[in-house]
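Structural overview for review
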Amino acid sequence: GTGFLGGSSAYPNYYLLVKGSSSSSLATVTPGSIDATTGESLIGTLSVGSDSANNAVTFGNYSKLVLQIGRSGLSDCLQIAGTLDLSSTSDTLDLTVAKTPKAGVYTLVKASGGIQGKFNIVSDPLISRHLSYSGTTLDFIIAPTLILTR
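We now turn to the structure provided with this report. The structure presented is a predicted model; accordingly, all values stated were derived computationally and were not measured. (Residues numbered from 1 in each chain as written. Predicted model: local features only at pLDDT ≥ 70, side-chain atom pairs only at ≥ 80, totals over all residues. Heavy atoms only, no water.)

Some thoughts on the sheet that holds strand S12 (residues 114-117)
For clarity, the threshold we go by: Strands are labelled as partners when DSSP assigns at least two bridges between them. Comment: elements are numbered from the N terminus, with helices defined as DSSP H or I runs of at least four residues and strands as E runs of at least two. The axes are straight lines fitted to the C-alpha atoms, using for helices just the contacting stretch, and the angles between their N-to-C directions are given from 0 to 180°.
On the basis of which strands lie adjacent, the open sheet formed by 4 strands has the order S1-S6-S9-S12 and parallel pairing. Unpaired on one side and paired on the other, strand S1 (15-18) and S12 mark the two borders of the sheet. Across the sheet, the mean angle from the axis of one strand to that of its neighbour is 10 degrees, orientation sign disregarded. Bridge analysis of S1 against strand S6 (residues 55-59) gives 4 bridges, and the strand direction is parallel. Across the sheet, the residue bridging to Leu16 is Val57, located in S6.

Given below as structure tokens:
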């Protein structure tokens, strides 16, 4: 099925647990949206929590974060005012990169309270080599291409 997150809550803290039931039934989070007219995927940001609360997002077993980097130099982002827990053994990052993206650092995840662990499964081994985990961000780095002409 499909679940939707949105709105506001009277609760002081936000806790989001993403957990599927099996490897063939992954619970998926995707910050972007779909253009109703064209059906194309649109870049977006999913923000969880506020700075005045203790917030947490956990990707449990059989979970997947789906992100994209577009040609325009923009990327999807999961932004958490709190912590991100990636300590499960079967969480997946599914990142799609446009064929001709702009060089630069693309912040895919921001977690002000820190990131624990790493995604165990990355959709493409080539993508995995360009990921950089810091204390509070997960970035994808595209180096500029150097062309020498004479």
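That was the structure; now back to the text.
Quick look at unusual backbone geometry
Applied cut-off: In this scheme, a residue with accessible area under 20% of its type's maximum is buried, one over 50% is exposed, and one in between is partly exposed, where area comes from a 1.4 Å probe on protein chains only.
Positive phi, normally seen in glycine, also occurs at Tyr62, with a value near 60 degrees. With respect to the helices and strands, the residue Tyr62 is situated in the loop between S6 and strand S7 (63-69). Tyr62 sits in the partly exposed class, given a relative accessible area of 31%.

What about the side chain of Thr58?
Applied cut-off: Under the rule applied, a polar contact is a pair of N or O atoms within 3.5 Å (in protein, one hydrogen donor and one hydrogen acceptor; residues adjacent in sequence only if both atoms are side-chain atoms). It only takes one pair of heavy atoms within 4.5 Å for two residues to be counted as in contact.
With respect to the element layout, Thr58 can be found in strand S6. Side-chain polar atoms of Thr58 contact the side chain of Tyr15, separated by 3.3 Å. Residues in contact with Thr58, not counting those within four places in the same chain, are Tyr15, Leu16, Leu17, Val18 and Asp85.

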